[in-house]
Amino acid sequence: MQLRTALPPLVAIFITGLVCSQPPHAATTDNRPNPENGAKLILKVGCGLCHRIPGIESAKGNVGPPLDGIGTRIFIAGKLNNTTDNMVRWLRFPQEVVPGNAMPDMGLNEEEARDIAAYLATIR
């Protein structure tokens, strides 16, 4: 009788051990922001036409501010605390955040903006 009542917890421990022992690459799609993809997107959408961006060779624009040290700045656009969520909001909706500013809405989706924000966070 004792074996019968102990069996379900033992099965649960065994299954848990199998699931938890899977290598990281066996996991489902990784949704973490990707700074490398962010750098590619910066090139693709043309951020460097307006900004100087460290690490992006062709990003030599003079319209917007240079982004040196953007990862350590306190504010974004002089208005938002420099957090990941606020950077994503700024990248997606700059005209909503500061109406009439020079940065256009770039049509970025959430994932694209998160990847670009992840790259910008590396600029120290």
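Just so it is clear, the model here is predicted, and its values are computed rather than measured. (Residues numbered from 1 in each chain as written. Predicted model: local features only at pLDDT ≥ 70, side-chain atom pairs only at ≥ 80, totals over all residues. Heavy atoms only, no water.)

Per the secondary structure count, the protein chain includes five helices and two strands. Along its sequence from the N terminus, the protein chain presents helices and strands in the succession α-α-β-β-α-α-α. Summarising the internal contacts of the protein chain: among those between residues at least 6 apart in sequence, 39% fall at separations of at least 24. Accessible surface, the protein chain: about 8,500 Å² in total, of which carbon and sulfur atoms supply 60%. (Helix = DSSP H or I, 4+ residues; strand = E, 2+ residues; numbered from the N terminus. Contact = heavy atoms within 4.5 Å. Areas by Shrake-Rupley, 256 points an atom, 1.4 Å probe, with all protein chains shown as cover.)

Attention shifts here to the nonpolar core. Ranked by size, the top nonpolar core spans 24 residues in total, and within it Ile-42, Ile-53, Met-87, Leu-91, Tyr-119 and Leu-120 carry the most contacts. Where this core is concerned, the elements lending two or more residues are helix 2 (35-45), helix 3 (84-92) and helix 5 (110-121). Element by element, the count of residues in this core is highest for helix 5, at five residues. Excluding anything up to four places from it in sequence, Tyr-119 contacts Pro-35, Gly-38, Ala-39, Ile-42, Ile-53, Pro-54, Gly-55 and Ile-56. (Core = buried A, V, L, I, M, F, W, Y, C linked by side-chain atoms within 4.5 Å. Buried < 20%, exposed > 50% of the residue type's maximum accessible area, 1.4 Å probe, protein only.)

On to the pattern of salt bridges. Side-chain pairs of opposite charge can arise whenever the charged atoms involved come near each other. By the definition in use, this model includes four salt bridges. For Glu-57, the salt bridge identified is with Lys-60, shortest N-O distance 3.8 Å. Residues Arg-114 and Glu-110 are paired through a salt bridge, measuring 3.0 Å at the closest nitrogen-oxygen approach. In this pair, Arg-114 and Glu-110 are both assigned in helix 5, four residues apart and thus about one turn of the helix distant. What makes Arg-114 partly exposed here is its relative accessible area of 24%. (Salt bridge = Lys/Arg side-chain N within 4 Å of Asp/Glu carboxyl O.)

The next subject is the packing of helix 3 against helix 5. Running from N to C, helix 3 and helix 5 point in directions that differ by 120 degrees, and their axes come no closer than 9 Å. Comparing the axis directions of helix 3 and helix 5 gives the class oblique. Crossing of helix 3 over helix 5 shows right-handed handedness. Contacts from Thr-84, Asp-85, Met-87, Val-88, Leu-91 and Arg-92 of helix 3 reach helix 5 at Glu-110, Ala-113, Arg-114, Ile-116, Ala-117 and Leu-120. Partitioned by chemical class, the residues of the contact of helix 3 with helix 5 number seven nonpolar, one polar and four charged. (Axes fitted to C-alpha atoms, helices over the stretch in contact; angles between N-to-C directions. Parallel < 35°, antiparallel > 145°, perpendicular 65-115°, else oblique. Left-handed = near helix turned anticlockwise from the far one by under 90°. Nonpolar A, V, L, I, M, F, W, Y, C, P; charged D, E, K, R; others polar.)

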